[in-house]
Amino acid sequence: MTFKFKNVYLNATATVTGPYEKNGPLSKYFDKSFDNLYANEKTFELAETKMLKDSVDILLGKANEKGADVFLSGDLLNQLVPSNLTALSLKIPYFGLYNACATSMEGLLLGSTLIDSGKVKNAICSVSSHNCSAEKQFRYPNEYGGSKPKVATFTATGAASAYISKTPSQIRIESGTVGKVMDLGITDVYNMGAVMAPAAADTLYQHLKDMKRDINYYDLIVTGDLGIFGKQILRDYMKEAYNMDLIKYNDCGIMLYNLNEQPVYAGGSGPVCCPLVSYSVILDRMKKGELEKVLIMSTGALHSPTLVNQKLSIPSICHAISLEVVK
Amino acid sequence: MDKEKYQNLVDKNIPKENVKINAAKAFLVGGFMGIIGQLLLDIYTTWLNIPTKEASTYMIITLIFLGSLFTALGFFDKWVSWANCGLIIPITGFAHAMTSAALEYRKEGFVLGIGANIFKLTGSVILYGVVSAYFFGLIRVLLFGG
């Protein structure tokens, strides 16, 4: 299902990161970076909350607004702790979202739909993730440090927020495709790229079909966090299933870190991985005129440790948002 | 695309782990741990005149203490990531797994945090250790008379 939006604009974005992202190649694009994983808080959960709150504060400053009609936010933690606590301090009507690492574009899709329908004038769409709070919840204690295979990805730390409204700006949210949940039987909890690639392929194909576009219509197509091996799997999948060649394509998980020097295995992941790259370097390139039409596809593995222990495979989803430079 | 075809596509694209190098590392580090254990045992028996049976207990306690201390100091997880089973299988791995869980859940309190979670990783080692000790003990009594 693809929605076309008439008058929805991306007015401002804000990105806050942890130390690993700061040491990566995109550090100059981020609004704020913390040097320690605790972000001067007592626990990792509170550190993630702090980053999310900071990103909204910076966002409101950049958008020159005091608030918004609605706040849409999500993260990886049980009961959406960081989003709930941020909504508590913001005092803005709030929707908590969960689509794992696909939450960022899910938020933009829903926010744009609300604005397009005229129900709200503006919205703040946020996501956060934290490497240590995610490891603690989904895998082993952080200090355990068990080794991981090469296909594993590294949950990014940080928060990203976007301010969207009907007020025209340089970047327009042109359309968006709501993804379907896919499951091709992958049970390897480390190989999230393989889990998510079919969802990305399905959403991409559906988007191009609904909009009657060629794959080369976009100057750049990015996926959220497939990693280096997932990226190649998606390429092969598109070729085999739909006979399409993905050429002007990259993956945010690969762009966020310096894969040769940083200990991030196959690349970054987590809900914040996709918007940290999209809202920083990609928007920057769009504003400079290097890119005009970009399709951002946030990919999410709907991974539940409980269900994996019960021998079930991991479902996944992907939502796509098409951004255009306003001429 | 069906599941089997997709699994083939995935297998074609994912890298192979260096099983030989990993096994060699684990073998050497694990062996080195054995040497350290034997050295401690020798020190305790010859220099401190402790009987061998008690000295082996002291040796185990020393290794558990060092494993826990190094975990708490924050660098043992990096050693474990590198050496894998070389450090996980010896008693140091057990100490490390317990200490890391304790550190992780410290902020959630002494009872519901540390108490409820300290055996998160090592609970199965204790459970199946005790169960298999019972059965092997039984076999030993029945076959060899104790």
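Being a predicted model, the structure only gives us computed values, none of them experimental.

K.L.:
I'm lost on the overall build of chain B in this one. Help?
P.N.:
Looking only at helices and strands, one finds 8 helices and 0 strands in chain B. Starting at the N terminus and walking to the C terminus, you meet the elements of chain B as α-α-α-α-α-α-α-α. What you see for chain B is a C-alpha radius of gyration of 20 Å, clearly larger than the 15 Å of a compact globule of 146 residues, by over 25%. Overall, the C-alpha framework of chain B stretches about 70 × 45 × 30 Å when taken along its three principal axes. Considering chain B as a whole, with its 146 residues, one finds that 29% of them fall into the buried category. For chain B, contacts bridging at least 24 residues in sequence account for 44% of all contacts bridging at least 6. Put simply, chain B shows about 9,700 Å² of open surface, and 72% of that area lies on carbon and sulfur atoms. The average position of the 12 basic charges and that of the 9 acidic charges among the side chains of chain B differ by 2 Å.

K.L.:
Help me understand the packing of aromatic side chains in this model?
P.N.:
Each aromatic ring pair is specified by the distance between its two centres and by the angle formed by the two planes. A full pass over the atoms with the stated rule returns 17 aromatic pairs over all chains. Pairing Tyr205(A) with Tyr242(A) gives two aromatic rings, centres 4.1 Å apart and planes at 5°, and the pair type is stacked. Of this pair, Tyr205(A) sits in helix H6 (residues 192–210) while Tyr242(A) is found in helix H7 (residues 227–242), placing the two residues 37 residues apart along the sequence. We classify Tyr205(A) as partly exposed; its relative accessible area is 28%. Directly above the ring of Tyr217(A) sits Lys293(A), whose terminal nitrogen or CZ lies 5.0 Å from the centroid. The aromatic ring of Phe110(B) is capped on one face by Arg106(B), whose charged end is 4.4 Å from the ring centroid.

K.L.:
Looking at this structure, I do not really get the confidence of the model for chain B. What am I missing?
P.N.:
Interpretation of the predicted coordinates at a detailed level should be avoided for regions scoring low in pLDDT. Of all residues in chain B, 100% attain a pLDDT of 70 or more, and the chain-wide mean is 94. Both scores are available for the predicted complex, with the pTM at 0.94 and the ipTM at 0.89.

K.L.:
Sorry if this is basic, but what is going on with the interface of chain B and chain A here?
P.N.:
Counting residues at the interface gives 31 residues for chain B and 31 residues for chain A. For the pair chain B and chain A, the summed buried area comes to about 2,700 Å², and 59% of that belongs to carbon and sulfur atoms. Together, Met1(B), Tyr6(B) and Glu104(B) form the three largest contributors to the area buried by chain B at its contact with chain A, with a combined 24%. The interface formed by chain B and chain A includes 2 salt bridges. Close ionic contact of Lys12(B) with Asp236(A) constitutes a salt bridge, the shortest N to O distance being 3.5 Å. Our enumeration of links across chain B and chain A arrives at 12 residue pairs in polar contact (both at pLDDT 80 or more).

K.L.:
How do you make sense of the environment of Lys239(A) when you look at a structure like this?
P.N.:
All names here are of chain A. Relative to the helices and strands, Lys 239 is located in helix H7. The exposure class of Lys 239 is partly exposed, given its relative accessible area of 39%. In the structure, Lys 239 is positioned 102 residues away from Gln 137 in sequence and 36 Å away in space, judged by C-alpha atoms. Not counting the four nearest positions on each side in its chain, Lys 239 is found in contact with Met 244 and Asp 245. Reaching out from Lys 239, the side chain makes a polar contact with the side chain of Asp 245 at a distance of 3.4 Å.

K.L.:
How should the packing of helix H3 (residues 52–73) of chain B against helix H6 (residues 91–105) of chain B be read in this particular structure?
P.N.:
Describing two packed helices takes the angle between their axes plus the distance from one axis to the other. All names here are of chain B. The geometry of H3 relative to H6 is characterised by a closest axis approach of 8 Å and an angle of 40° between their N-to-C directions. If you check the angle between H3 and H6, you find them oblique. Our pair here, H3 against H6, has a crossing hand that is right-handed. Contacts between H3 and H6 involve Ile 60, Leu 63, Ile 64, Ser 68, Thr 71 and Ala 72 on the former and, on the latter, Ile 91, Thr 92, Ala 95, His 96, Thr 99, Ser 100 and Leu 103. Its residues assigned to classes, the contact of H3 with H6 shows 7 nonpolar, 6 polar and no charged.

K.L.:
Just to check I follow, could you spell out the environment of Phe5(A) for this structure?
P.N.:
All names here are of chain A. Turning to its location among the elements, Phe 5 is positioned in the loop between strand S1 (2–4) and strand S2 (9–17). Judged by relative accessible area, which is 4%, Phe 5 ranks as buried. Along the chain, Phe 5 and Asn 131 lie 126 residues apart, while their C-alpha atoms are 34 Å from each other. Leaving out residues up to four positions away in the same chain, Phe 5 has contacts with Leu 109, Ser 112, Thr 113, Asp 116, Arg 172, Ile 173, Glu 174, Ser 175 and Gly 176.

K.L.:
I tried to follow the pairing of strand S13 (residues 293–301) of chain A on my own but got confused; where do I start?
P.N.:
Regular strands place side chains that alternate from one sheet face to the opposite one. Residue and element names in this part refer to chain A. Of all 9 residues making up S13, 8 are buried, and the element is well covered by its neighbours. Here strand S10 (residues 220–223) runs beside S13; their pairing, made up of 4 bridges, is parallel. From the neighbouring strand, Val 222 faces S13, where its bridge partner is Ile 296. The pairing of S13 with strand S14 (residues 316–325) spans 9 bridges and is antiparallel. Residue Ser 298 lies in a different strand from S14, and its bridge partner there is His 319.

K.L.:
How do you make sense of the side chain of Thr86(A) when you look at a structure like this?
P.N.:
Residue and element names in this part refer to chain A. Within the secondary structure, Thr 86 is located in helix H3 (residues 81–90). Given a relative accessible area of 1%, Thr 86 falls into the buried group. Not counting the four nearest positions on each side in its chain, Thr 86 is found in contact with Thr 49, Leu 52, Lys 53, Val 56 and Phe 71.

Analysis parameters
Residues numbered from 1 in each chain as written. Chains lettered and ligands numbered in written order. Predicted model: local features only at pLDDT ≥ 70, side-chain atom pairs only at ≥ 80, totals over all residues. Heavy atoms only, no water. Helix = DSSP H or I, 4+ residues; strand = E, 2+ residues; numbered from the N terminus. Rg over C-alpha atoms; globule rule 2.2 N^0.38 Å. Buried < 20%, exposed > 50% of the residue type's maximum accessible area, 1.4 Å probe, protein only. Contact = heavy atoms within 4.5 Å. Areas by Shrake-Rupley, 256 points an atom, 1.4 Å probe, with all protein chains shown as cover. Lys, Arg positive; Asp, Glu negative; His and termini not counted. Charge placed at Lys NZ, Arg CZ, Asp CG, Glu CD. Phe/Tyr/Trp six-rings, centres within 6.5 Å; stacked < 30°, edge-to-face > 60°. Lys NZ or Arg CZ within 6 Å of the ring centre and 35° of its normal. pLDDT = per-residue confidence, 0-100. Buried area = accessible area lost by both parts, 1.4 Å probe. Salt bridge = Lys/Arg side-chain N within 4 Å of Asp/Glu carboxyl O. Polar contact = N/O pair within 3.5 Å; in protein donor to acceptor, adjacent residues only side chain to side chain. Axes fitted to C-alpha atoms, helices over the stretch in contact; angles between N-to-C directions. Parallel < 35°, antiparallel > 145°, perpendicular 65-115°, else oblique. Left-handed = near helix turned anticlockwise from the far one by under 90°. Nonpolar A, V, L, I, M, F, W, Y, C, P; charged D, E, K, R; others polar. Pairing = 2+ DSSP bridges.

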